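# Close look at the chain arrangement
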Amino acid sequence: MKTIKALTLDDVKRIAAAAEAEALRNGWAVTIAVCDAGGHALWLQRLDGAPLSSSLIAPEKARTSVMAGKPSKALEDMINGGRYAALAMPVVPLEGGEPIIIDGAVIGAVGVSGVKASDDAQIARAGIAAVV
């Protein structure tokens, strides 16, 4: 049997604080979402001024990343490369979802939405760096 680490509430708060700090440092109004290894929401915060739609998109980017086991950008790239069948998958193929990988296992993910996609991903990675 395998033993896999799991995110604690303290971990999630550290991730969210680091992601928020990165967003604020750059003047970006975003929504930050964190999910567990099953893609279930653990955290959602929409910074002042973040687009309303970002509160729906950020959690889906996180869920997409955890389900794929890779950054959500990989799915976006797949579709942009012509693999249109991927559009039928129950995911949001937009950059900004990043998996949290510990000891080779995906234990959750961070999704960010509200600014340019590469900046969303930068914020998500800054959050993850607080715990890995």
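The notes below deal with the structure included here. Worth saying up front: this structure is predicted, and the values here are computed from it rather than measured.

Here we take up the packing of helix α1 (residues 9-25) against helix α4 (residues 117-129). Close contact between α1 and α4 brings their axes to 7 Å; oriented N to C, the two are set at 140 degrees. The orientation of α1 with respect to α4, classified from their angle, is oblique. In the packing of α1 onto α4, the handedness of the crossing is right-handed. Facing I15, A18, A19, E22 and A23 of α1, the residues of α4 in contact are Q122, I123, A126, G127 and I128. Considering only residue class, the contact of α1 with α4 consists of seven nonpolar, two polar and one charged.

Attention now goes to the nonpolar core. Burial of nonpolar side chains together is a common tendency in soluble globular proteins. L7, V30, I100, V110, V112 and I123 are the most contacted members of the largest nonpolar core, which has 18 residues in total. For this core, the element with the highest residue contribution is α1, accounting for four residues. Not counting the four nearest positions on each side in its chain, I123 is found in contact with A19, E22, A23, W28, V30, V112 and V115.

Now for the pairing of strand β1 (residues 31-36). A large share of β1 lies buried, amounting to five of its six residues. As defined by bridge partners, β1 adjoins strand β2 (residues 41-46) across five bridges and the pair is classed as antiparallel. Bridging from a neighbouring strand, I32 pairs with Q45 of β2. The antiparallel hairpin formed by β1 and β2 contains four residues in its connecting segment, where G39 sits at a positive phi of about 85 degrees. Bridge analysis of β1 against strand β4 (residues 105-113) gives six bridges, and the strand direction is antiparallel. Bridge pairing links A33 to G111 in β4.

Let's shift gears to α1. Spanning 17 residues, α1 covers 24 Å between terminal C-alpha atoms, matching the ideal 24 Å at 1.5 Å per step. Looking only at α1, the buried set comprises D11, V12, I15, A16, A19, E22 and A23. Considered in projection along α1, the buried side chains sweep an arc of 130 degrees and stay on one side of the axis. Relative to its buried face, α1 has exposed residues pointing more than 90 degrees away, namely L9, L24 and R25. Next to the buried residues of α1 lie β1, β2, β3 (97-102), β4 and α4. G27 sits one or two residues past α1 and shows a positive phi near 70 degrees.

Calculation notes
- Residues numbered from 1 in each chain as written.
- Predicted model: local features only at pLDDT ≥ 70, side-chain atom pairs only at ≥ 80, totals over all residues.
- Heavy atoms only, no water.
- Axes fitted to C-alpha atoms, helices over the stretch in contact; angles between N-to-C directions.
- Helix = DSSP H or I, 4+ residues; strand = E, 2+ residues; numbered from the N terminus.
- Parallel < 35°, antiparallel > 145°, perpendicular 65-115°, else oblique.
- Left-handed = near helix turned anticlockwise from the far one by under 90°.
- Contact = heavy atoms within 4.5 Å.
- Nonpolar A, V, L, I, M, F, W, Y, C, P; charged D, E, K, R; others polar.
- Core = buried A, V, L, I, M, F, W, Y, C linked by side-chain atoms within 4.5 Å.
- Buried < 20%, exposed > 50% of the residue type's maximum accessible area, 1.4 Å probe, protein only.
- Pairing = 2+ DSSP bridges.
- Expected span 1.5 Å × (residues − 1).
- Arc of directions from axis to C-beta.

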